[in-house]
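What the coordinates show
This is what each chain is made of:
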Amino acid sequence: MTSIADIEISADGTGTGELFEAVPSLSCEMEQVIASSGHGLWLSGPSQSEIEAALDEASAIGTYSQISSDEDRWLYDIEFEPAAVDPFEIVLEEGGTVLSASASNGTWLLSIRVVDRESVSTLYDRLDETDVTPTIVRLFDLAEETNSQCGLTTRQYETLVAAIDHGYFEIPREVSMQELSEELGISHQALSERLRRAYRALVTSELNVTDEETAAPAVPSN
């Protein structure tokens, strides 16, 4: 049964450890899909010149190049040196998929999809062996019961997963709604309605509000 594990690890000891030591205000966010042999990381917090100075000085960074920018953050393609601890590569080696990854204050939070809970245990041991001090923040199985607890139907859940896998929620989007609807074999309108219902179900569940609380207020008559 597929499981999702949210795991915190210290950046200290990983390929990004020196960056946080040099610029403690640094924030990182992993780009989900990038056509390169390295990792796409959005870096923000300090100025770009401070970030690139830290990249130049970090012994664990092999090469880097700027790909894009967005207001006060910059997307870099970063390759770590072979000896550096690369938690993303460890996840891949253990058969997992990094759904999201972000870091601030020297701590990474990774949301990882694995085939079962035993794989989580194996992955935890691998990370622990590298001395990055992993902590499992949340672990749950992607069963239909879990979907129901979130208010999602099976189709809504499968649609959201497909949207994530195809980069629909990335900035900029890597697939249009029309392309995603064709991939799923449903109409553009059906996809739009299914996503809106799924958004509502997730938001209602996470905010723990009732249908009465989310109902639109009546428009007063003139």
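A quick note: this is a predicted structure, and the numbers were derived from the prediction, not measured.

**Describing the environment of Glu-158**
Structurally, Glu-158 is set in helix α6 (residues 154-165). Distance from Glu-158 to Leu-184, taken between C-alpha atoms, is 9.7 Å for residues 26 residues apart in sequence.

**Here we look at the packing of aromatic side chains**
Within this structure, the stated rule accounts for four aromatic pairs. Measuring from centroid to centroid gives 5.8 Å for Tyr-64 and Tyr-76, while their planes differ by 70°, and the two rings are edge-to-face. One end of the pair, Tyr-64, is in strand β4 (residues 61-70); the other, Tyr-76, is in strand β5 (residues 73-80), with twelve residues separating them in the sequence. Relative accessible area serves as the criterion here: at 26%, Tyr-64 is assigned to the partly exposed category. Every member of this aromatic cluster is reached through a ring pair, and the members are Tyr-168, Phe-169 and Tyr-199. Above the ring of Trp-42, the side-chain terminus of Arg-73 is found at 3.9 Å from the ring centroid.

**Considering helix α2 (residues 48-57)**
When α2 is considered as a whole, its buried residues turn out to be Ile-51, Ala-54 and Leu-55. The buried residues of α2 occupy one face: seen down the axis, they fall within an arc of 100°. In α2, the exposed positions angled more than 90 degrees off the buried face are occupied by Ser-49, Asp-56 and Glu-57. Next to the buried residues of α2 lie α1 (17-22), β3 (39-44), β4 and β5.

Calculation criteria
Residues numbered from 1 in each chain as written. Predicted model: local features only at pLDDT ≥ 70, side-chain atom pairs only at ≥ 80, totals over all residues. Heavy atoms only, no water. Helix = DSSP H or I, 4+ residues; strand = E, 2+ residues; numbered from the N terminus. Phe/Tyr/Trp six-rings, centres within 6.5 Å; stacked < 30°, edge-to-face > 60°. Buried < 20%, exposed > 50% of the residue type's maximum accessible area, 1.4 Å probe, protein only. Lys NZ or Arg CZ within 6 Å of the ring centre and 35° of its normal. Arc of directions from axis to C-beta. Contact = heavy atoms within 4.5 Å.

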